[in-house]
Amino acid sequence: MTILETPIAVIDAQPFQRNLERMAQFAERSGIRLRPHAKSHKCSEIARRQLALGAVGVCCQALGEAVAMVKGGVEDVLITNMVVTPGKLAQIAELARQSRIGLCFDDEEQVRRAGEVFAARGAQVDAYIEIEAGGERCGVESPEEAVTLATTIAQHPSLRFMGLQAYHGKAQHMRSIAERRDAARDAGGKALAVKVALAGAGFSCERITGAGTGSFAADALVGVLNEWQCGSYAFMDRDYGENDADDPQFEHSLFIAATVISLRDSFVVIDAGLKALAFDSGLPLVAGRPDLSYFGPNDEHGRIDVSKARTPLKIGDQVHLIPGHCDPTLALHDEIAFMRQGQIEAMWKVDGRGPR
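These figures come from a predicted structure and were not determined experimentally.

Engineer: Would you mind going over the overall build of the protein with me for this structure?
Structural biologist: Helix and strand counts for the protein stand at 10 helices and 17 strands. The C-alpha radius of gyration of the protein comes to 21 Å, within 12% of the 21 Å expected for a compact globule of 356 residues. Evaluated residue by residue, the protein yields a buried proportion of 54% over its 356 residues. Taking all contacts inside the protein whose residues are at least 6 apart in sequence as the whole, residues at least 24 apart take part in 69%. Put simply, the protein shows about 14,900 Å² of open surface, and 49% of that area lies on carbon and sulfur atoms. Here the protein contributes 38 positive and 47 negative side-chain charges, whose respective centroids are spaced 3 Å apart.

Here you go:
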């Protein structure tokens, strides 16, 4: 077993590969295009592995992720966000010269800004109308708004209307299968109503894209989406692990390795805290040790309650933590140790990390 310099992000190769294969196989059986969301991993090496298993491209939430994916050889990138500032739009125009790029819209002013910048730079970008599918965030709220927006998009030759962004973020973390199926039916109904209205106005939705690791199985039953954006399935963080499992099922494969650096009577101190893990979705689990519980993070430290420990922890011992939320956790790391049977096989750069 390799002694790691901690804290460090670690992928366990075997469950990771099984996760990728299970999702790819389920999407293929379902007749759905799989476009994994790179915001989960922000790593072009992982994206290439997903593409090798049949993914049609990737999604990105931030421009910096898209830049990294294109540099890493990804030829089809959908930015599932709105971009309105001139500098970022100019960067997207440059990316569109190298790969196929998509962008989301829910307002005519966004369309005007993007259309003008792309036209000035001789670029063409796929345009997706985002609908408010239940996430209470972005998106048009009626079929009529969507028709108006599609009409505006059609006035800009630098934009190709492709279809709808119909991601329901809240559905991903509804714990019961029944709740997620209800949410998927509701989101699918909204997307279908918009599709019908657009068809009546002469606009064809080639793609209706959405779904996530929590909802894709439910979305498959509804049958409105023809593309899925699942991302966290590759890792299965602690929060997703708390959902009632639907088929196919995935395994934890991403961990933050940490080292015990100090001992107390009822707890030990490790070197992984706020700078190594995201806590927006709660505390991490100690992998393989249900008798231990993490608590009390500081910037560079965390504590593990050992009052119920079956075996004691000693200074220098290393533990693997299952993060509560994989996406922002990996945003804290420059590299991932790709490990097989306790040995580092490769170091992968998290080349898309950062807020931009």
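That was the structure; now back to the text.
Engineer: Please explain the environment of Asp299 as it appears in this structure.
Structural biologist: Its place among the elements puts Asp299 in the loop between β13 (293-295) and β14 (302-305). Taking the C-alpha atoms as reference points, Asp299 and His168, separated by 131 residues in sequence, lie 33 Å from one another. If we skip the residues at most four places from it in the chain, Asp299 touches Gly273, Leu274 and Lys275.

Engineer: Which parts of the structure should I look at to understand helix α6 (residues 143-154)?
Structural biologist: Here α6 spans 17 Å end to end across 12 residues, near enough to the 16 Å set by a 1.5 Å rise per residue. Taken together, the buried positions of α6 are Ala146, Leu149, Ala150, Thr152 and Ile153. The buried residues of α6 occupy an angular sector of 160 degrees when the element is viewed end-on, so they sit on one face. Of the exposed residues in α6, the ones pointing more than 90 degrees away from its buried face are Glu144 and Ala154. Each element contacted by the buried residues of α6 is listed here: β5 (100-105), α5 (108-120), β6 (125-130), β7 (159-166) and α7 (177-200).

Engineer: Can you walk me through the packing of α6 against α7 in this structure?
Structural biologist: Closest axis-to-axis distance for the α6/α7 pair is 9 Å, and the angle between their directions is 45 degrees. Taken together, α6 and α7 sit at an angle that is classed as oblique. Regarding α6 and α7, the two cross each other, and that crossing is right-handed. In this structure, α6 uses Pro143, Ala146, Val147 and Ala150 to contact α7, whose residues at the interface are Ala193, Val194, Ala197 and Leu198. In terms of residue class, the contact of α6 with α7 is made up of eight nonpolar, no polar and no charged.

Engineer: Before we go on, may I ask you to explain the pairing of strand β11 (residues 267-270) in this structure?
Structural biologist: Remember that side chains alternate between the two faces of the sheet whenever the strand is regular. Here three bridges tie strand β10 (residues 254-263) to β11, and the two strands are oriented antiparallel to one another. Each residue of the ladder has a partner; that of Leu263, found in β11, is Val268. A loop of three residues connects β10 with β11, the two strands running antiparallel in sequence. Where β11 lies against β14, four bridges are found, and the strand directions are antiparallel.

Engineer: How should I be thinking about unusual backbone geometry in this particular structure?
Structural biologist: In most cases, non-glycine residues show a negative phi, while peptide bonds are predominantly trans. Omega for the peptide link from Thr6 to Pro7 comes to 0 degrees, which places this bond in the cis form. For Ala211, which is not a glycine, the phi torsion comes out positive at approximately 70 degrees. Within the secondary structure layout, Ala211 lies in the loop between β8 (207-210) and α8 (216-222). Looking at Ala211, the relative accessible area reads 2%, which means it is buried.

Engineer: Honestly, the nonpolar core in this entry has me stumped. Any pointers?
Structural biologist: Generally speaking, a soluble globular protein has its nonpolar side chains buried in company with each other. Of all hydrophobic cores here, the largest spans 96 residues; its most connected members are Ile92, Leu103, Phe118, Trp228 and Ile304. Other than its neighbours up to four places away in sequence, Leu103 contacts Leu78, Ile79, Asn81, Val83, Leu89, Ile92, Ala114, Phe118, Val125, Asp126, Ala127 and Tyr128.

Engineer: Hey, could you run me through the environment of Ser293 in this one?
Structural biologist: Considering the arrangement of structural elements, one finds Ser293 in strand β13. It is 9.3 Å that separates the C-alpha atoms of Ser293 and Ser307, two residues lying 14 residues apart in sequence. With sequence-adjacent residues up to four places away left out, Ser293 is seen in contact with Arg303, Ile304 and Asp305.

Engineer: How do you make sense of the side chain of Asp76 when you look at a structure like this?
Structural biologist: Topologically, Asp76 is positioned in strand β4 (residues 76-79). On the basis of relative accessibility, which here comes to 14%, the residue Asp76 falls in the buried class. Only 2.9 Å separates the side chain of Asp76 from the side chain of Arg35, close enough to count as a polar contact. Discounting residues that sit within four places of it in the chain, Asp76 has contacts with Arg35, Val56, Gly57, Val58, Ser99, Arg100 and Arg207.

Engineer: Whenever I open this one, the packing of aromatic side chains confuses me. Can you help?
Structural biologist: For any two aromatic rings, the description comes down to two numbers: the centre-to-centre distance and the angle of the planes. Going through the model one piece at a time under the given rule, you end up with 12 aromatic pairs. Each ring, one from Phe216 and one from Phe250, has its centre 6.0 Å from the other, and the planes form 55 degrees; the classification is tilted. Pair noted here: Phe216 is in helix α8 and Phe250 is in the loop between α9 (238-241) and β10, with a separation of 34 residues, a long-range link. In terms of burial, Phe216 and Phe250 fall into one category: buried. Joined through ring pairs, the aromatic side chains of Phe26, Phe216, Trp228, Tyr233 and Phe250 make up one cluster. One residue, Arg49, lies across the ring of Phe338, its end atom 5.0 Å from the ring centre.

Cut-offs applied
Residues numbered from 1 in each chain as written. Predicted model: local features only at pLDDT ≥ 70, side-chain atom pairs only at ≥ 80, totals over all residues. Heavy atoms only, no water. Helix = DSSP H or I, 4+ residues; strand = E, 2+ residues; numbered from the N terminus. Rg over C-alpha atoms; globule rule 2.2 N^0.38 Å. Buried < 20%, exposed > 50% of the residue type's maximum accessible area, 1.4 Å probe, protein only. Contact = heavy atoms within 4.5 Å. Areas by Shrake-Rupley, 256 points an atom, 1.4 Å probe, with all protein chains shown as cover. Lys, Arg positive; Asp, Glu negative; His and termini not counted. Charge placed at Lys NZ, Arg CZ, Asp CG, Glu CD. Expected span 1.5 Å × (residues − 1). Arc of directions from axis to C-beta. Axes fitted to C-alpha atoms, helices over the stretch in contact; angles between N-to-C directions. Parallel < 35°, antiparallel > 145°, perpendicular 65-115°, else oblique. Left-handed = near helix turned anticlockwise from the far one by under 90°. Nonpolar A, V, L, I, M, F, W, Y, C, P; charged D, E, K, R; others polar. Pairing = 2+ DSSP bridges. Core = buried A, V, L, I, M, F, W, Y, C linked by side-chain atoms within 4.5 Å. Polar contact = N/O pair within 3.5 Å; in protein donor to acceptor, adjacent residues only side chain to side chain. Phe/Tyr/Trp six-rings, centres within 6.5 Å; stacked < 30°, edge-to-face > 60°. Lys NZ or Arg CZ within 6 Å of the ring centre and 35° of its normal.

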